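Fold and geometry: a report
The lines below spell out each chain.
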Amino acid sequence: MSHVGIVLISHSSKVVEGIKDIIRQVVHDVPVEVAGGTDDNDIGTSVEKVQGAIERAYSEKGVLLFFDLGSARMNAEVAIELSEYDNIKIADVPLLEGSYVGAVESGMGKSLEEVLESAKSVLNPNH
Amino acid sequence: MELQVQHALNWIEKTNEKIQTNKDYLSALDRAIGDGDHGLNMARGFQEAVGKTTSSSYTSVSDIFKDVAMTLMSKVGGASGPLYGTAFLKMSMAVKGEDSVSHERFTKGVEEAINGIIQRGKAKEGDKTLLDVWTPVLRMLQEQSDFEADSLENTAKSAMESTKDVMAIKGRAAYLKERSIGHLDPGSVSSYYLFASLAEVLKEGE
């Protein structure tokens with residue numbers, strides 16, 4: 001069974017590595033890839049790192065991107081526009097909570113749209 | 001006058017010179033209301049862009065803008081990477097197929113660049129972003145039928161200076177709300193350097 005891939009984009013590689021550790025404690029089969037920091041590993045984001053993470057996380061079920069601030073979202077959009085896939089989406093939700101819930105849902109074999117909806121539900125804890 | 005390949009190359013080089021000279025100033029402006037890396041990011045991006053354009057040979061302005069766009073997107077690191085990168089990519093597409101670029105075509109390119117910046121950053125004029133320089137420059141270009149170096153320089157400069165009294169709605173500075181008033185917008189200052197450099201190229205070409 002293939003799973004929706006998860007890509008974590010942050011200005012800091014430590015942030016996304018840490019979130020990936022938290023996810024990996026409970027979710028093992030889902031591709032989780034990180035794009036943290038600039039090409040020189042300074043604080044910032046890199047469209048090339050995002051593109052690479054999408055390639056590694058890709059399955060035919062698609063990929064969901066999670067981001068932290070400002071340029072992270074913009075570079076996520078640029079990476080999607082430069083890619084040849086049409087089943088990649090951006091989740092406009094808190095990075096840690098959203099990607100954790102998304103990864104759990106992906107592990108249950110849910111579709112890209114279902115994973116995205118679940119990730120959005122973290123904004124409304126009384127769902 | 002039309003913009004030739006050599007003009008476009010000079011434009012990028014002059015912009016880089018101004019950004020390198022004012023790198024610390026741009027970062028200081030950004031430290032006041034942002035994350036403090038605008039000078040460093042822009043200096044790295046434009047240095048790489050000039051490295052690319054001076055080591056390549058070109059037959060069209062469009063190809064120069066495209067190389068600048070791709071370099072800025074991959075090398076800048078902050079939000080200015082995708083924003084300036086998108087702007088140059090849209091300008092590249094707008095002037096594609098022309099050996100040299102007329103005033104009319106360049107104006108169209110700036111309009112497309114602004115649409116790209118809006119799409120990417122979800123900002124509008126008055127939000128204390130680089131759009132506060134790009135949009136008045138576009139209005140000036142649309143009112144004229146040929147390049148006018150002095151009004152380009154003056155329009156960009158006064159637009160940049162007027163960002164000081166504005167409260168930020170977009171970008172890192174928006175988190176500071178009223179505290180962002182009284183400081184120039186760093187992206188507007190770097191955009192001023194871009195258009196001031198173009199004005200210098202136009203003067204030399206007259």
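Just so you know, these numbers come straight off a predicted model, no measurement behind them. (Residues numbered from 1 in each chain as written. Chains lettered and ligands numbered in written order. Predicted model: local features only at pLDDT ≥ 70, side-chain atom pairs only at ≥ 80, totals over all residues. Heavy atoms only, no water.)

Some points on the environment of Ile33 of chain B
Residues and elements named next belong to chain B. What counts, and what does not: In this text, helices come from DSSP runs of H or I with a minimum length of four residues, and strands from runs of E with a minimum of two, each type numbered from the N-terminal end. Only protein chains enter the accessibility calculation, which uses a 1.4 Å probe; a residue whose area is less than 20% of its type maximum is buried, one above 50% is exposed, and one in between is partly exposed. Residues count as neighbours in contact if any of their non-hydrogen atoms are within 4.5 Å of one another.
Turning to its location among the elements, Ile33 is positioned in helix α2 (residues 23-33). Look at Ile33 and you get buried, because its relative accessible area is 4%. C-alpha of Ile33 to C-alpha of Lys177: the two residues are 144 residues apart in sequence and 9.7 Å apart in space. The residues touching Ile33, leaving out its near neighbours within four places in the chain, are Lys128, Arg172, Ala173, Leu176, Arg179, Ser180, His183, Leu184 and Pro186.

Thoughts on a negative patch on the surface
Quick reminder of the rule: Residues qualify for a patch when their relative accessible area is over 30% and they have no salt bridge, like charges being joined within 9 Å and the nonpolar side chains of Val, Leu, Ile, Met, Phe, Trp and Tyr within 5 Å. Accessible areas in this description were obtained via Shrake-Rupley with a 1.4 Å probe; residue shielding takes into account the shown protein chains only. Here a salt bridge means any side-chain nitrogen of Lys or Arg lying within 4 Å of a carboxyl oxygen belonging to Asp or Glu. Neither His nor the chain ends is counted toward charge; the positive residues are Lys and Arg and the negative residues Asp and Glu. By convention, the charge on Lys lies at NZ, on Arg at CZ, on Asp at CG and on Glu at CD.
Taken together, the side chains of Asp39, Asp40, Asp42 and Glu48 of chain A together with Glu48 of chain B present a region of like negative charge at the surface. By the element assignment, Glu48 of chain A lies in helix α2 (residues 47-57).

Considerations on the UniProt feature "domain: DhaL" (unreviewed entry) in chain B
The criterion, for reference: UniProt positions are given in the numbering used here, feature names are shortened, and annotations may be inferred rather than shown by experiment.
As recorded in UniProt, the feature "domain: DhaL" (unreviewed entry) lies at residues 6-200 of chain B. Across residues 6-200 of chain B, helical content stands at 69% and strand content at 0%; the span's end C-alpha atoms are separated by 13 Å.

A short note on the sheet that holds strand β3 (residues 63-67) of chain A
All names here are of chain A. Under the convention used in this document: Two strands qualify as a pair provided DSSP detects at least 2 bridges between them. Note on definitions: angles span 0 to 180 degrees between N-to-C directions of axes, and those axes are lines fitted to C-alpha atoms, for helices only across the stretch in contact.
With respect to topology, 4 strands assemble into an open sheet ordered β2-β1-β3-β4, the strand pairing being parallel. Either end of the sheet is taken by a strand with one partner, and the two such strands are β2 (32-36) and β4 (88-91). Looking at each pair of strands side by side, their axes are set apart by 20° on average, direction ignored. Bridging between strand β1 (residues 5-10) and β2 involves 5 bridges; their strand directions are parallel. Bridging across to β2, Val7 finds its partner in Glu33. Taken strand by strand, helix α3 (residues 71-82) contacts β1, β3 and β4, and its axis lies near 170° from that of β4. Strand contacts of helix α5 (residues 112-120): β3 and β4, with the helix running at about 5° to β4, the strand carrying the most contacts.

What to know about the side chain of Ser180 of chain B
Residues and elements named next belong to chain B. Definition in use: Definition of a polar contact: a pair of N or O atoms within 3.5 Å, with one able to donate and the other able to accept a hydrogen when the atoms are protein atoms, and with sequence-neighbouring residues admitted only if both atoms are side-chain atoms.
Within the secondary structure, Ser180 sits in the loop between α8 (149-161) and α9 (186-205). For Ser180, a relative accessible area of 0% corresponds to the buried category. From its side chain, Ser180 meets the backbone oxygen of Lys177 in a polar contact 2.7 Å long.

As for α5 of chain A
Residue and element names in this part refer to chain A. Rule in force here: By definition, the arc is the one covered by directions from the helix axis to the C-beta atoms.
Every buried residue of α5 is listed here: Leu112, Val115, Leu116, Ser118 and Ala119. Looking down the long axis of α5, one finds its buried residues gathered within 165° of arc, a one-sided arrangement. Of the surrounding secondary structure, the elements contacted by the buried residues of α5 are β3, β4 and α4 (95-107).

Regarding the interface of chain A and chain B
Definition in use: Defined in terms of a 1.4 Å probe, buried area is the accessible area two parts forfeit on being brought together, summed over both.
Contacts between the two partners involve 19 residues from chain A, matched on the other side by 17 residues from chain B. Surface buried jointly by chain A and chain B totals about 1300 Å² across both partners, of which 51% is contributed by carbon and sulfur atoms. On the chain A side of the contact with chain B, Leu69, Met74 and Val78 of chain A bury the most area, a combined 32% of that side's loss. Scanning the region where chain A abuts chain B turns up 3 salt bridges. The salt bridge partner of Glu77 of chain A is Lys122 of chain B, with a shortest N-O separation of 3.1 Å.

Comments concerning the environment of Ser92 of chain B
Residue and element names in this part refer to chain B. Along the chain, the position of Ser92 falls in helix α5 (residues 80-94). Residue class for Ser92 comes out buried when judged on its relative accessible area of 4%. Setting aside residues up to four positions removed in sequence, Ser92 forms contacts with Ser62, Phe65 and Lys66.

Remarks on the packing of α5 of chain B against helix α6 (residues 103-121) of chain B
Residue and element names in this part refer to chain B. Short version of the rule: Working rule for handedness: look at the near helix, and if it is turned counterclockwise from the far one by less than a right angle, call the crossing left-handed; if clockwise, right-handed. Note that Gly is not counted as nonpolar here; it falls among the polar residues with everything else outside the nonpolar set of Ala, Val, Leu, Ile, Met, Phe, Trp, Tyr, Cys and Pro and the charged set of Asp, Glu, Lys and Arg.
Running from amino to carboxyl end, α5 crosses α6 at an angle of 145°, the nearest separation of the two axes being 7 Å. Seen from above, α5 lies across α6 with right-handed handedness. Residues Pro82, Leu83, Thr86, Ala87, Lys90, Met91 and Ala94 of α5 form the contact with α6, whose own contacting residues are Arg105, Phe106, Lys108, Gly109, Val110, Glu112, Ala113, Gly116, Ile117, Gln119, Arg120 and Gly121. Of the residues that constitute the contact of α5 with α6, the class distribution is 9 nonpolar, 5 polar and 5 charged.

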